[in-house]
Amino acid sequence: MAIFGGGINGACVYHQLCRQGHRVLLLDRGDFACGTSQTSAMMIWGGLLYLRNMDFLTVHHLCRDRDRMIEEMPDWVVARALRYLPLHNGGRNRFVTYGALWFYWLISLLRRERPRHEALFPERALLKDNVVDGSFTFEEAVLVDSDARFVLKWITPFLKTDCIALNYCEPHGEYHPRDRCWHLDIEDKFSGKTYPVQTRMIVNCTGVWTDEVNHRFGIQSPVRHALSKGAFLIINRSPLHETLLVFDLGEHGDVINLIPWGPVALWGPTETAVDSIEEGFDVTAADVNFLLEHYHKRFSHTLKKEDVVSFRCGIRPLAVPRGYRNDRYPLDLSRKQQVVPDAVRPWISCYGGKITGCLTMAQKVANAASRRLPAPERIRIAQQTELEWFQFEGMEEWIPSPAYCRDYEFCCTLDDYLRRRTNISQWIPQDGLGLHQENRPLLERIAAEINGGNLSAAEEEVARYAANVGRRRERALSTI
Ligand SMILES: Cc1cc2nc3c(=O)[nH]c(=O)nc-3n(C[C@H](O)[C@H](O)[C@H](O)COP(=O)(O)OP(=O)(O)OC[C@H]3O[C@@H](n4cnc5c(N)ncnc54)[C@H](O)[C@@H]3O)c2cc1C
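All residue numbers here refer to positions counted from 1 along the written sequence of the relevant chain. Thresholds applied to this predicted model are a pLDDT of at least 70 for local features of residues and 80 or more for the giving and counting of side-chain atom pairs; totals over whole chains, interfaces and linings are not thresholded and use all residues. The basis for every side-chain value is the complete set of heavy atoms in the structure, and neither hydrogens nor water enter the calculation.

### Some details on the domain arrangement of the chain
What marks off one domain from the next here is an automatic or database domain assignment. Assigned domains of the chain: these are domain 1 (2-36 + 148-221 + 342-370), domain 2 (82-139 + 227-319) and domain 3 (389-476). The gap between the C-alpha centroids of domain 2 and domain 3 is 29 Å. Residue contacts are defined here by distance: any two heavy atoms, one from each residue, within 4.5 Å place the two residues in contact. Taken together, the 17 residues of domain 2 in the interface contact 14 residues of domain 3. Buried area adds together the accessible area that both of two parts lose upon being put together, with accessible area traced by a 1.4 Å probe. The junction of domain 2 with domain 3 conceals about 1,200 Å² of combined surface from both sides, 50% of it contributed by carbon and sulfur atoms. Considering only the side of domain 2, the residues that lose the most area to domain 3 are Trp261, Val309 and Phe311, jointly responsible for 37% of the buried surface there. Think of a salt bridge as a Lys or Arg side-chain nitrogen and an Asp or Glu carboxyl oxygen that are within 4 Å of each other. Summed over the shared surface of domain 2 and domain 3, the result is 1 salt bridge. Here Arg475 ties to Asp282 by a salt bridge, and the two come within 3.1 Å at their closest N and O atoms.

What follows is the structure, given as structure tokens:
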């Protein structure tokens, strides 16, 4: 069986099917987690916001998935108190908010901490006077490390088994009804070579690219994705910022968050309907202006260019009926996940979903796939090689070394290492280069380690990386 797409859904489906003993090939045309799964808020939450759509069943399921992860994966997912801050003027009525938090607690079968009112809290000192009207604390969960490493966690245990995971490999091909197999040519993006593969079943987990991939392989589906762009500013974290703050946005019944993450904080996200994928993965000046406007409404500190450490920006894949006309605010759309098997060919498409629901998505795919595949054999998972640690100047935490990531975590490029194997590009100014590009020599050594010691290629890679970072910052921060 082949899975296309190594974001959170593809990775989790891969894990589930490998564990059941199927022989599975996971393919991503970029790096694992290089799509939406590296751009999330990293919250494992039951979907408090979706109560406004009366989508109680989805909220109940997400709460169940969240609580299951807290229980079964304590090294990866931990319960965390969040602080909801109603606006003094505008926004939702605070009593309605408090009532909704209690209802939310009931829907999750009282498994988390009870919501409570707290008038005084440390972050109050960061806020302008009379902006918020008290605060309510309630409990959700967050990823311990990062969303991208959470994706890897599902893939790496099967390194030394019959299952194969390949990043930077793009599948092409077609279905042959005669032998009831898909005949694929797998294109290696680095060498340009192609390798033939036959598979009985394909699972399409390519997130916002699902419709495009379905179209290319001649698959039609009653469901499609509506696209909603979400951008964050990553700024330096104040020492007073302890708790994840959820502010009433005052528009569309939405919220905006200040999420503490190591030495930085994420401010956002935006929620903008977009028509094409190309519009969605880059932060624009309009996104930044929106985020700054809302920041300055609430906080007394004025953000300057040098306070912006980095950005996150991605597109939420939202499952909608094929005839949907892109005419609603994206938060009004359901976050429900849908697994759609093709009626004729052995092909399953995954739509919608969230990181929080990845286990349920994987279970649904495994159920749908096992009806069409022979009984699997039991496999043995080999012992994983112990992590090798590394310290990056300016970062307190120890991180996996470049050599370890190259050998055991599919790390092929400098960007893979800085963005998805570690948090360097999100925590260190200018995407890891440093405020005055003082980290360039260090990045060159890392790039050389990843590419097997070629120093001139490493210098070129860092130069390209720095030029990209410069261009992105220039475009996004042109108005401040
Ligand atoms: C701003 C924002 C905040 C969010 N916050 C949260 C949150 O706090 N909690 C939460 O639970 N969810 C959150 N989400 C939602 C969540 O991030 C997504 O639902 C989830 O990451 C989608 O994962 P995926 O695997 O479906 O897609 P992706 O992660 O996009 O993976 C798809 C993969 O397919 C690959 N691909 C594309 N085309 C091909 C091809 N032809 N062949 C092979 N591979 C291909 C891509 O390279 C990519 O790696 C957030 C989303 C956004 C945008």
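### Considerations on the packing of helix α2 (residues 56-72) against helix α7 (residues 358-370)
Interaxial distance between α2 and α7 falls to 8 Å at its minimum, and their mutual angle equals 100°. One finds that α2 runs roughly perpendicular with respect to α7. Touching Arg64, Asp65, Arg68 and Met69 of α2 are Cys358, Leu359 and Thr360, all from α7. Polar here means any residue outside two lists: the nonpolar Ala, Val, Leu, Ile, Met, Phe, Trp, Tyr, Cys and Pro, and the charged Asp, Glu, Lys and Arg; Gly therefore counts as polar. Split into classes, the residues belonging to the contact of α2 with α7 amount to 3 nonpolar, 1 polar and 3 charged. Between N-to-C directions, angles cover 0 to 180 degrees, with each direction set by a line fitted to C-alpha atoms, over the stretch in contact for helices. In this text, helices come from DSSP runs of H or I with a minimum length of four residues, and strands from runs of E with a minimum of two, each type numbered from the N-terminal end. Small angles under 35 degrees read as roughly parallel and large ones over 145 as roughly antiparallel, with 65 to 115 read as roughly perpendicular and the rest as oblique.

### A word on α2
Take the number of residues in a helix, subtract one, and multiply by 1.5 Å to get its expected span. Over its 17 residues, α2 runs 24 Å from end to end, which matches the ideal 24 Å to within 8%, given 1.5 Å per residue. Every buried residue of α2 is listed here: Thr58, Val59, Leu62, Cys63, Asp65, Arg66, Asp67, Met69 and Ile70. Where α2 is buried, its residues contact β3 (43-44), β4 (77-85), α3 (94-107), β6 (136-143), α4 (147-155) and α7. Only protein chains enter the calculation, and the probe is 1.4 Å; a residue is then buried if its accessible area is under 20% of its type maximum, exposed if over 50%, and partly exposed in between.

### Quick word on the sheet that holds strand β9 (residues 181-188)
Consider a sheet: its strands pair through backbone hydrogen bonds, and that pairing is either parallel or antiparallel. Spatially, β8-β9-β10 is the arrangement adopted by the 3 strands of the open sheet, whose pairing is antiparallel. Since the sheet does not close on itself, it has two edges, and those belong to β8 (169-176) and β10 (194-199), each with one partner. When the angles between neighbouring strand axes are averaged without regard to direction, this sheet yields 25°. Bridging between β9 and β10 involves 6 bridges; their strand directions are antiparallel. Residue pairing across strands places Leu184 opposite Val197, the latter belonging to β10. Here, any two strands with at least 2 DSSP bridges between them count as paired.

### Re the packing of helix α9 (residues 414-421) against helix α12 (residues 455-476)
Two elements in contact, α9 and α12, have axes separated by 10 Å at closest approach and are oriented at 55°. Considering their axes alone, α9 and α12 lie oblique with respect to each other. Packed against α9, whose contacting residues are Leu414, Asp415 and Leu418, the element α12 presents Glu461, Val462 and Tyr465 at the interface. Residues of the contact of α9 with α12, tallied by class, amount to 4 nonpolar, no polar and 2 charged.

### Regarding α3
An α-helical turn contains 3.6 residues, so a residue and the one three or four places further along point in the same direction. For α3, built from 14 residues, the straight-helix expectation of 20 Å at 1.5 Å per residue is met to within 8% by its first-to-last C-alpha distance of 20 Å. Among all positions of α3, only Thr97, Leu101, Tyr104, Trp105 and Ile107 are buried. Along the axis of α3, the buried positions cluster into a sector of 160°, meaning they face one direction only. Exposed residues pointing more than 90 degrees away from the buried face of α3 are listed as Phe95 and Val96. Any pair of N or O atoms that falls within 3.5 Å is considered a polar contact. Within protein, one atom must be able to donate a hydrogen and the other to accept it, and sequence-neighbouring residues count only if both atoms are side-chain atoms. Its side-chain oxygen at 2.7 Å from the backbone nitrogen of Phe95, Asn93 defines the N-terminal cap of α3. The directions considered for the arc run from the helix axis to the C-beta atoms.

### Looking at the site of the ligand
Working definition: residue near molecule or strand if any one of its non-hydrogen atoms lies within 4 Å of it. Around the ligand, the structure places 37 residues, and the nearest of them are Asp28, Thr36, Ser37, Met43 and Thr356. Within the side chain of Thr356, a nitrogen or oxygen atom sits 2.9 Å from an oxygen atom of the ligand. When isolated, the ligand has an accessible area of 1,000 Å², and the protein chains bury 97% of it. Within the residue set of the shell around the ligand, elements represented by two or more residues are α1 (8-20), β8, α5 (210-216), β12 (223-236) and β17 (308-321). Of the residues forming the shell around the ligand, the biggest block, 4 residues, is contributed by β17. The residue inventory of the shell around the ligand, partitioned by class, reads 15 nonpolar, 15 polar and 7 charged. Counting the residues that make up the shell around the ligand, at least three belong to each of domain 1 (2-36 + 148-221 + 342-370) and domain 2 (82-139 + 227-319). Residue exposure ignores everything except the shown protein chains as possible cover, and the areas themselves are Shrake-Rupley values with a 1.4 Å probe.

### Remarks on the sheet that holds strand β19 (residues 347-352)
With mixed pairing, 6 strands are arranged side by side in an open sheet as β7-β2-β1-β11-β19-β18. On the outer flanks of this sheet lie β7 (164-166) and β18 (337-341), each paired with one strand and no other. Neighbouring strand axes in the sheet, compared pairwise and without regard to direction, differ in orientation by 15° on average. The sheet strands contacting α1 are β1 (2-4), β2 (25-27), β7, β11 (202-204) and β19, and the helix crosses β1 at an angle near 165°.

### Considering the environment of Leu245
Structurally, Leu245 is set in strand β13 (residues 244-248). Separated by 160 residues in sequence, Leu245 and Leu85 have C-alpha atoms that sit 7.1 Å apart. Excluding residues within four positions of it along the chain, Leu245 makes contact with Arg83, Leu85, Glu123, Ile256, Asn257 and Leu258.

### Remarks on the environment of Arg64
Examined against the element boundaries, Arg64 turns out to sit in helix α2. Relative accessible area serves as the criterion here: at 34%, Arg64 is assigned to the partly exposed category. Excluding residues that lie within four positions of it along the chain, Arg64 makes contacts with Arg111 and Thr360.

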